[in-house]
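# Chains, contacts and geometry: an overview
Here is what each chain is made of, one letter per residue.
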Amino acid sequence: MRNSETARQFSAQDGCFSLLVRDGTDTTAKVLGSVLGGVATEDILARMNAPDLRIVTLTITEKAYGLDSMTGGLNFSDPAIVADLSGDTPPRSAVGLIAAGLAARRDSGRLPFTPLSCDNLSGNGALLRRLVLDFAAMRDPELAEWIATEVPFPNTMVDRITPATTKDTLDDARRLTGAEDLLAVETEPFRQWVIEDRFAQGRPDWDRAGALFVENVAPYEAMKLRMLNGTHSLIAWLGLAAGHEYVRDAIADPAISRAAQIHLSAAAETLEPVPGVDISAYAAALLERFRNQAIAHRLEQIAMDGTQKLPPRIFAPATELLKRGGDTDSFARVMAGWIWHAVQHDPLHDPRAEDIRACLVGIPRAPGAVTTALMGLPGLVPSPLREDPVWNRQVAEHVAFLCRGEK
Ligand code: CS2
């Protein structure tokens, strides 16, 4: 949505791109032809009203939803949302675009498309629905009502570790396919897509390619966000503090491997049973995926946007544990990893980087002081945790540990 270069390149390549699958020492490449072409940002809105359009999927990362973590609703001071609410066109925000696209369909008497969020957010469909309704209620209350009754927003869980494309990706794609490909993507062998089967106009048989249609994604999604993503964040922040560059190196570090295993167990304890999944086998498989030697997954890629990633990965399970009187220590360690990262890294890649800097101005770089400062970042830590003396002590102790140069 931020630039049309990828869309232009897709059209230039007739929609073809290569997928490199890296496993152990092996890399295989396949050219995929399922994409018909790219649509420039300014043309997306018109495309949303195409008669044969049934589904709009979103993979835009957590920060692009315009979520206000304090209210759980739309952030009405997000500049893109402000511009879209004032009627600027084409819309700049994903939520504004979906609302405008749905309005155009309603006005043309068409059935709605189904918006399908594929991002790492808890209850991603329900959340998107709330944000689109918040937006529509401000612009056009009748539209809000129509969306509320006519438009399903299925929740999904998508899992495939995908490091950002690098020069090595492009070089390997050329070597393996014989073609120059500026859109090559590299990934791991594992893939999982779990989707709630609620669509306004039906859907393709994605299950024939391995997707799982279920009534309720929540248990799968909690498992993935808390075990995979939560442990990923731990590996990223502790790994960077210990001087590592890639996930595969950090997970080979005995102290980080131990912390990751402790975290997997702690996260597993917060889960409801997941249909058809053996959680200890899932945890073991995750460690193997993190250890994949062929994948150069930069810790920096996972470490970014901490303010967006901490709530579903760390704060939600920690708050539940706290309520049940469980031990939050491993979750506190991850938050400490983020605090230490935020203190050490300049510039920090986070949509709230400026607020974080402001919180730290004039604060001595001492564990207790930085912990108190960032624990108080408005809207970040849910109050049950923020007000819990044990949680605060645990976080401060882990920050002190990192500060001493240990892991
Ligand atoms: C990662 C995820 O960057 C991150 O924060 O934890 O992108 C992770 O690789 C994917 O969710 C795996 O499915």
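Residues numbered from 1 in each chain as written. Predicted model: local features only at pLDDT ≥ 70, side-chain atom pairs only at ≥ 80, totals over all residues. Heavy atoms only, no water.

### Digging into the overall build of the protein chain
Convention followed: Put simply, DSSP marks the helices as runs of H or I at least four residues long and the strands as runs of E at least two long, and each gets a number from the N terminus on. Three labels apply to residues, based on accessible area from a 1.4 Å probe with only protein chains included: buried if under 20% of the type maximum, exposed if over 50%, partly exposed otherwise in between. Whether two residues touch is decided by their heavy atoms; if any such pair falls within 4.5 Å, the residues are in contact. Accessible areas in this description were obtained via Shrake-Rupley with a 1.4 Å probe; residue shielding takes into account the shown protein chains only. By the counting scheme adopted, Arg and Lys are positive, Glu and Asp are negative, and His together with the chain ends is not counted. For this purpose, a charge sits on NZ of Lys, CZ of Arg, CG of Asp or CD of Glu.
Per the secondary structure count, the protein chain includes 18 helices and 10 strands. The dimensions of the protein chain, computed from C-alpha atoms along their principal axes, are 60 × 55 × 40 Å. Counting across all 407 residues of the protein chain, residues that qualify as buried make up 49%. Of all intrachain contacts in the protein chain linking residues separated by at least 6 positions in sequence, the fraction that spans at least 24 positions is 72%. About 18,600 Å² of surface is accessible on the protein chain, with carbon and sulfur atoms providing 52% of the total. Each charge class in the protein chain was averaged separately, 41 positive and 53 negative side chains, and the resulting centres sit 2 Å apart.

### Some words on the pattern of salt bridges
As a reminder of what qualifies: Within this document, salt bridges are pairs made up of a side-chain nitrogen of Lys or Arg and a carboxyl oxygen of Asp or Glu, the two lying within 4 Å of each other.
If you walk through the whole model with that rule in mind, you get 24 salt bridges. Taken together, the shared-partner salt bridges in this structure form one network comprising Arg22, Asp172, Arg175 and Glu186.

### Observations concerning helix α7 (residues 167–177)
For the record, the criterion: Picture the helix axis, draw a direction to every C-beta atom, and the arc is the one those directions span.
If you check which residues of α7 are buried, you get Thr169, Asp172 and Ala173. Considered in projection along α7, the buried side chains sweep an arc of 105 degrees and stay on one side of the axis. Across from the buried face of α7, at angles greater than 90 degrees, the exposed residues are Lys167 and Arg175. On the buried face of α7, the contacting elements are β1 (17–23) and β8 (185–187). Directly beyond the C-terminal end of α7, a positive phi value near 75 degrees is found at Gly178.

### What about helix α6 (residues 141–150)?
Every buried residue belonging to α6 is among Leu143, Ala144, Trp146 and Ile147, and all of these are buried. Take α6 and look down its axis: the buried residues cluster within an arc of 165 degrees, on one side only. Opposite the buried face of α6, at more than 90 degrees from it, the exposed residues are Pro141, Glu142, Glu145 and Thr149.

### Notes on the site of the ligand
Selection criterion: Think of it this way: one heavy atom of a residue within 4 Å of a molecule or strand is enough to make that residue near it. Distance and chemistry together define a polar contact, namely a pair of N or O atoms within 3.5 Å, with one atom able to donate a hydrogen and the other to accept it when in protein, and with adjacent residues in sequence counting only for side-chain atoms on both sides. All amino acids are sorted into three groups, where Ala, Val, Leu, Ile, Met, Phe, Trp, Tyr, Cys and Pro are nonpolar, Asp, Glu, Lys and Arg are charged, and the leftover types, Gly among them, are polar. Residue ranges for the domains originate in an automatic or database domain assignment.
Taken together, Asn120, Asp159, Arg160, Ile161, Lys224, Asn229, His232, His297, Gln301, Ile302, Lys309 and Arg313 are the residues near the ligand. A distance of 2.9 Å separates an oxygen atom of the ligand from a polar side-chain atom of Asn120. Asn229 has a polar side-chain atom sitting 3.0 Å from an oxygen atom of the ligand. Burial of the ligand by the protein amounts to 88% of the accessible area it has alone, namely 340 Å². For the shell around the ligand, the secondary-structure elements that each account for two or more residues are α8 (218–241), α12 (299–303) and α13 (306–323). By residue number, the principal contributor to the shell around the ligand is α8, which donates 3 residues. Partitioned by chemical class, the residues of the shell around the ligand number 2 nonpolar, 5 polar and 5 charged. There are two domains that each give the shell around the ligand at least three residues, and those are domain 1 (5–212) and domain 2 (218–403).

### Points about the sheet that holds strand β7 (residues 156–159)
The strands making up a sheet associate through backbone hydrogen bonding, with each pair oriented either parallel or antiparallel. So the rule is basically this: Should DSSP find at least two bridges between two strands, the strands are regarded as paired. Axes, fitted as lines to C-alpha atoms, cover a helix only where it is in contact. Angles between the N-to-C directions of the axes lie from 0 to 180 degrees.
Taken in spatial order, the 3 strands make up an open sheet running β7-β9-β10, and their pairing is mixed. Each end of this open sheet is capped by a strand with a single partner; those strands are β7 and β10 (212–214). Ignoring strand direction, the axes of neighbouring strands in this sheet form an average angle of 15 degrees. Bridge count between β7 and strand β9 (residues 192–196): 4 bridges; the pairing is antiparallel. Looking at β9, one finds that Asp159 is bridged to Gln192. Taken strand by strand, α8 contacts β7, β9 and β10, and its axis lies near 40 degrees from that of β7.

### Let's talk about the nonpolar core
Threshold: Side-chain atoms within 4.5 Å link the members of a nonpolar core, which is a set of buried Ala, Val, Leu, Ile, Met, Phe, Trp, Tyr and Cys residues.
Core analysis: the biggest nonpolar cluster contains 66 residues, and Ile235, Met335, Trp338 and Trp391 have the highest contact counts within it. Structurally, this core is a two-domain feature, drawing no fewer than three residues from each of domain 1 (5–212) and domain 2 (218–403). Beyond its immediate stretch of four places on either side in the chain, Trp338 contacts Trp237, Gly306, Thr307, Leu310, Ile356, Leu374 and Leu380.

### Some details on the packing of helix α10 (residues 254–268) against helix α11 (residues 279–290)
Threshold: Crossing handedness follows the turn of the near helix against the far one: under a right angle anticlockwise gives a left-handed crossing, and clockwise gives a right-handed one.
Following both chains from N to C, one finds α10 and α11 inclined at 145 degrees, their axes separated by 11 Å at the closest point. In this structure, the crossing between α10 and α11 has a hand that is right-handed. Contacts between α10 and α11 involve Gln261, Leu264 and Ala268 from the former and Ile279, Ala283, Leu286 and Leu287 from the latter. Residue classes in the contact of α10 with α11 are distributed as 6 nonpolar, 1 polar and no charged.

### Some details on the environment of Leu127
Mapped onto the secondary structure, Leu127 falls in helix α5 (residues 124–139). Each C-alpha atom of the pair Leu127 and Gly72 lies 8.1 Å from the other, and the pair is 55 residues apart in sequence. Not counting residues within four places of it along the chain, the set of residues in contact with Leu127 comprises Leu67, Gly72, Leu121 and Ser122.

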